[in-house]
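Listed here are the chains, written in short residue letters.
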Amino acid sequence: MASLHFCQECNNLLYPKADPQRRIMVYACRICDYDEIGENKCVYRNDLLTVTKEQRGVVTDLPSDPTLAHSNIVCPQCGHDDAVYFQDQSKRKETRMILFYVCTKCNHSFFDPTLPVGDRPEMES
């Protein structure tokens, strides 16, 4: 893993830079002319986390949350006609407007029944 390097002359941060004459990577100061050879060749690591399904998240306290909107949608599990709803919280560019409903009586999570079956995401427990 890359670590921070500091200039031994002026104590400023050293930045990775290619040295074309020596054909190596060096850590160079932007204030003075100090540089040092970089031992670690990794200057940046991008960890990708992929989310393949929409997730419900924690739904145990949602029915009592006063900030969530309520709907008169009927719960498919208990038949109660009050549920809170919220949007999928995935941070993806292609995130669709999927609404998750949670029954205020039995805490059952479900989707809008008018959503076509082919458009419904798979629920993860």
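These notes cover the structure that comes with them. The model shown is predicted, which means the values in this text are computed figures rather than measured ones.

Overview of the pairing of strand 6 (residues 99-103)
Phase 1 of the analysis: Counted residue by residue, strand 6 has 4 buried out of 5 residues, so it is predominantly covered.
Phase 2 of the analysis: Taken together, the 5 bridges between strand 5 (residues 83-87) and strand 6 define a ladder with antiparallel strand orientation. Following the sheet pairing, A83 is matched in strand 6 by C103.
Phase 3 of the analysis: Relative to strand 7 (residues 109-111), strand 6 runs antiparallel, the two sharing 3 bridges. Residue pairing across strands places F100 opposite F111, the latter belonging to strand 7.

Focus: unusual backbone geometry
Phase 1 of the analysis: Here the phi dihedral of R23 falls at roughly 55 degrees; this positive angle occurs in a residue that is not glycine.
Phase 2 of the analysis: What makes R23 exposed here is its relative accessible area of 76%.
Phase 3 of the analysis: Its identity as a non-glycine residue notwithstanding, N107 has a phi of 65 degrees, on the positive side.
Phase 4 of the analysis: Inspection of the secondary structure puts N107 in the loop between strand 6 and strand 7.
Phase 5 of the analysis: The class for N107 is partly exposed, based on a relative accessible area of 32%.

Section: the state of the cysteines
Phase 1 of the analysis: All chains considered together, the criterion is met by 0 disulfides.
Phase 2 of the analysis: Free of any disulfide, C10 has its nearest cysteine sulfur in C29, 3.5 Å distant.
Phase 3 of the analysis: The structure places no disulfide on C32, whose sulfur is separated from the nearest cysteine sulfur, that of C7, by 3.5 Å.

The rules behind the values
- Residues numbered from 1 in each chain as written.
- Predicted model: local features only at pLDDT ≥ 70, side-chain atom pairs only at ≥ 80, totals over all residues.
- Heavy atoms only, no water.
- Buried < 20%, exposed > 50% of the residue type's maximum accessible area, 1.4 Å probe, protein only.
- Helix = DSSP H or I, 4+ residues; strand = E, 2+ residues; numbered from the N terminus.
- Pairing = 2+ DSSP bridges.
- Disulfide = S-S within 2.5 Å.

Geometric values such as these leave the question of function open.
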